[in-house]
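Summary of structural features
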Amino acid sequence: MSETSVRQQSTAAFYGQAVASFAVAMAATAIGIFRLNADAWVRGFLAIAVLYLVTSAFTLAKVIRDRQEAGQIVSRVDQARMEKLLSEHDPFEKL
């Protein structure tokens, strides 16, 4: 009664769209900061803040993914234990 879970994988089009969207957003932000009518230190601060935000977002996404995968592994182990117990159990055996 064990079911092998199908690994969901993104299509190439979805992956390409995500990469393109990220590149356009970063380019637009960089151009906006570069063309901002402010002192160089203000533009530098904004550039560093954007880079920090991007790295924090990537880290958060990785942590969430890792926790979800760890939960799936624990669930699979628990399911395997239950299947083993059920397969070894004989309801007609006398106590």
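The text that follows walks through the structure, step by step, so that each part is easy to find. (Residues numbered from 1 in each chain as written. Predicted model: local features only at pLDDT ≥ 70, side-chain atom pairs only at ≥ 80, totals over all residues. Heavy atoms only, no water.)

Right, let's get into the packing of helix α1 (residues 12–34) against helix α2 (residues 40–88). Interhelical geometry of α1 versus α2 gives an angle of 160° and a closest axis separation of 9 Å. Relative to α2, the element α1 lies roughly antiparallel. In the crossing of α1 with α2, the sense of the turn from one axis to the other is right-handed. Across from F22, M26, T29, I33 and F34 in α1, the residues of α2 making contact are R43, L46, A47, V50, L51, V54 and F58. The residue makeup of the contact of α1 with α2, split by class, is ten nonpolar, one polar and one charged. (Axes fitted to C-alpha atoms, helices over the stretch in contact; angles between N-to-C directions. Helix = DSSP H or I, 4+ residues; strand = E, 2+ residues; numbered from the N terminus. Parallel < 35°, antiparallel > 145°, perpendicular 65-115°, else oblique. Left-handed = near helix turned anticlockwise from the far one by under 90°. Contact = heavy atoms within 4.5 Å. Nonpolar A, V, L, I, M, F, W, Y, C, P; charged D, E, K, R; others polar.)

Our next topic: the pattern of salt bridges. Evaluation of the coordinates by the stated rule reveals two salt bridges. Here R65 ties to D66 by a salt bridge, and the two come within 3.2 Å at their closest N and O atoms. Residue classification places R65 among the partly exposed positions, given a relative accessible area of 41%. Because the salt bridges share partners, they merge into one network encompassing K62, R65 and D66. (Salt bridge = Lys/Arg side-chain N within 4 Å of Asp/Glu carboxyl O. Buried < 20%, exposed > 50% of the residue type's maximum accessible area, 1.4 Å probe, protein only.)

The next subject is the packing of aromatic side chains. Here the structure, examined in full by the defined rule, presents one aromatic pair. A centroid spacing of 5.6 Å and a plane angle of 70° characterise the contact between F22 and F58, whose relative ring orientation is edge-to-face. Note that F22 is positioned in helix α1 and F58 in helix α2, a separation of 36 residues in sequence. Residue class for F22 comes out partly exposed when judged on its relative accessible area of 38%. (Phe/Tyr/Trp six-rings, centres within 6.5 Å; stacked < 30°, edge-to-face > 60°.)

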